[in-house]
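Structure at a glance
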Amino acid sequence: TSCLANLYRDGNDSNGWHADNEKELGTNPIIASISFGAERIFHFKHKHNTTLKRKLVLENGSLLLMKGETQNNWLHQVPKTKKKIGKRINLTFRIIA
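Residues numbered from 1 in each chain as written. Predicted model: local features only at pLDDT ≥ 70, side-chain atom pairs only at ≥ 80, totals over all residues. Heavy atoms only, no water.

**Points about the sheet that holds strand β2 (residues 15-18)**
Strand pairing in a sheet is mediated by backbone hydrogen bonds. Such pairs are either parallel or antiparallel. Here four strands make up an open sheet; going across it, the order is β2-β7-β4-β5 and the pairing antiparallel. The open sheet has two edge strands with one neighbour each: β2 and β5 (53-58). Between one strand and the next, the sheet's axes are offset by a mean angle of 15 degrees, whatever the strand orientation. (Pairing = 2+ DSSP bridges. Helix = DSSP H or I, 4+ residues; strand = E, 2+ residues; numbered from the N terminus. Axes fitted to C-alpha atoms, helices over the stretch in contact; angles between N-to-C directions.)

Take a look at the structure:
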């Protein structure tokens, strides 16, 4: 029921560690994220076991689907980078209860 559009102009644009766990999203929300343009790194880190970390490359046209216990147990971010990169648009879809 909701689509959030974000423009990342270059490597200085980012978002910090967070979970999409707002009460309006309900229990175990499904979050779909589509990327267009320059590829960016996407990090996950576990909330309770900080040794658990994952890194994905979000390429042009990629779909990232987060569901189940993901928002309860993991934080995620798109970090800043000094690497020269182009623009990226990200569309994130959520169901708002």
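**Here we look at the packing of aromatic side chains**
Within a pair of aromatic rings, the relevant descriptors are the distance that separates the centres and the angle that separates the planes. One pass over the structure, following the stated rule, counts two aromatic pairs. Relative to Phe44, the ring of Phe42 lies with its centre 5.1 Å away and its plane at 75 degrees, an arrangement referred to as edge-to-face. The pair Phe42 / Phe44 is uniform in exposure class, with both members buried. An angle of 85 degrees between the planes, with centres 6.2 Å apart, marks the rings of Phe44 and Trp74 as edge-to-face. In this pair, Phe44 sits in strand β4 (residues 40-46) while Trp74 sits in strand β7 (residues 74-78), placing the two residues 30 residues apart along the sequence. Taken individually, Phe44 and Trp74 each receive the classification buried, so the pair is uniform in this respect. (Phe/Tyr/Trp six-rings, centres within 6.5 Å; stacked < 30°, edge-to-face > 60°. Buried < 20%, exposed > 50% of the residue type's maximum accessible area, 1.4 Å probe, protein only.)

**A short note on the nonpolar core**
Core analysis: the biggest nonpolar cluster contains ten residues, these being Tyr8, Leu25, Ile31, Phe42, Phe44, Leu58, Leu64, Met66, Trp74 and Val78. Looking at this core, the elements with two or more residues in it are β4, β6 (63-66) and β7. Those residues in contact with Leu58 that lie beyond four places of it in its chain are Ser35, Ala38, Glu39, Arg40, Phe42, Leu64 and Arg88. (Core = buried A, V, L, I, M, F, W, Y, C linked by side-chain atoms within 4.5 Å. Contact = heavy atoms within 4.5 Å.)

**Side note on the sheet that holds strand β3 (residues 31-37)**
Strand order in this open sheet of four strands is β1-β8-β3-β6, and the pairing throughout is antiparallel. Taken across any chain shown, the strands that pair with only one partner, and hence form the sheet edges, are β1 (2-8) and β6. In this sheet, adjacent strand axes meet at a mean angle of 15 degrees when their direction is disregarded. Of the pairings in the sheet, the one linking β3 to β6 comprises four bridges and is antiparallel in character. Among the inter-strand pairings, Ser33 is bridged to a residue of β6, identified as Leu64.

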